[in-house]
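Each chain, written out:
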Amino acid sequence: MKFSLLPVAALAFGLGGCVDDNTLSYSIDRMIAFDRAGDACMPMPGSLVIATHGIYDVGLAAQGVGSPGFEEGYQVAPLVVNHLLERTMMGTIETDSIDVTGFDVQLMPPPDDPRVANALSSNLKSFFVPRAGGRIPPGSMGNVEIVEVISVDLAKAFDATLSAQNAADRSPTHPLTVHMRPVGKRAGLSINGGYVDYPVQLCRFCLSQPINPCPPKGFPSGTGINDACLPAQDGSSTCCVDPTGLLLCGPAVPITTGM
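Residues numbered from 1 in each chain as written. Predicted model: local features only at pLDDT ≥ 70, side-chain atom pairs only at ≥ 80, totals over all residues. Heavy atoms only, no water.

1. Some words on the packing of aromatic side chains
Centre distance and the angle of the planes are the two values used to describe a pair of aromatic rings. Enumeration over the complete set of coordinates arrives at one aromatic pair. When the ring of Tyr56 is compared with that of Tyr74, the centres are 5.4 Å apart and the planes differ by 65°; the resulting orientation is edge-to-face. Highlighted residues: Tyr56 in strand S7 (residues 54-57) and Tyr74 in strand S8 (residues 74-76), separated in sequence by 18 residues. Assessed through its relative accessible area of 2%, Tyr56 is described here as buried. (Phe/Tyr/Trp six-rings, centres within 6.5 Å; stacked < 30°, edge-to-face > 60°. Helix = DSSP H or I, 4+ residues; strand = E, 2+ residues; numbered from the N terminus. Buried < 20%, exposed > 50% of the residue type's maximum accessible area, 1.4 Å probe, protein only.)

Okay, structure coming up:
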């Protein structure tokens, strides 16, 4: 398996030529949960943990801009499947493989929360994330892709909108639906897979304690340090700001090692 980081790209939909909207043949099978493999934070294809929803701490993401680990926005890891059956016979050319070319993404705010809707400018509601994701033979799974579906800039916009009414909106009660589908090529024609919905709840500082300066001597050794794989999404992290202004989280926070 190979992994690849896909930045959000606000590009126009449409790949040109004929398009096959074949939702049964080409689809996102599931979202793979991220896990820590060594020092890296990667989706593990063999993991039994499947991501069914997410939480994005936009306050933490906005404050962490420029700090290690906060370079990217909210990420998902879809596993794409080609459901077509192998039909090749001796002497014929196989035409049912699908080449992954990217993902269509639509962000749908909750109808009862105008703050989230107002923060979504029109050019950020729908976009295409290009990807040369390799060829998927009939009846096979493709590579696990890493797709950034909410940019850091959008996190900053959400943070500003939510903070206008509540300085610390610590309850993740602002669901944003990520509506996305795989796009590809089959036998020279474009093919669109079926859409799937992945809900992401937005909050401000719900995944970390209030952000304070790092203790001059570090956190006491043995203190429980929360360490999410990605600091601003899905899991709790212990965070603090170092004297240079960088936001440090998880294993990056200073720890007291002696008396």
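We are not done yet, so read on.
2. So, the nonpolar core
Counting residues in each nonpolar core, the largest one holds 44 residues, and the members touching the most others are Tyr56, Val105, Val149, Ile150, Phe158 and Met180. The element best represented in this core is strand S10 (residues 98-108), accounting for five residues. Grouped together as the second largest cluster of nonpolar side chains are nine residues, Ala77, Ile146, Cys229 and Leu230 included. (Core = buried A, V, L, I, M, F, W, Y, C linked by side-chain atoms within 4.5 Å.)

3. Focus on the environment of Val149
Turning to its location among the elements, Val149 is positioned in strand S14 (residues 146-150). Once the C-alpha coordinates of Val149 and Gln106 are considered, the two residues, 43 residues apart in sequence, prove to be 8.8 Å apart.

4. Some points on the confidence of the model for the chain
Confidence in the prediction of the chain, expressed as mean pLDDT, is 82, and 81% of residues score 70 or more. Mean pLDDT values over the elements of the chain span from 45, in strand S1 (residues 5-6), up to 95, in S8. For residues 1-17, every residue scores under 50 in pLDDT, and the model assigns this stretch 55 contacts once sequence neighbours within four places are set aside. (pLDDT = per-residue confidence, 0-100. Contact = heavy atoms within 4.5 Å.)

5. Some words on the environment of Ile150
Along the chain, Ile150 falls in strand S14. Ile150 gets classed as buried once you look at its relative accessible area, which sits at 0%. In sequence terms Ile150 and Gln75 are 75 residues apart; their C-alpha atoms lie 7.2 Å from each other.

6. Observations concerning the side chain of Arg204
Summarising the element assignment, Arg204 is placed in the loop between strand S17 (196-203) and strand S18 (239-241). The exposure class of Arg204 is buried, given its relative accessible area of 7%.

7. Quick notes on the side chain of Ser151
You can see Ser151 is positioned in the loop between S14 and helix H4 (152-163). A distance of 3.1 Å separates the side chain of Ser151 from the backbone nitrogen of Leu154, its partner in a polar contact. (Polar contact = N/O pair within 3.5 Å; in protein donor to acceptor, adjacent residues only side chain to side chain.)

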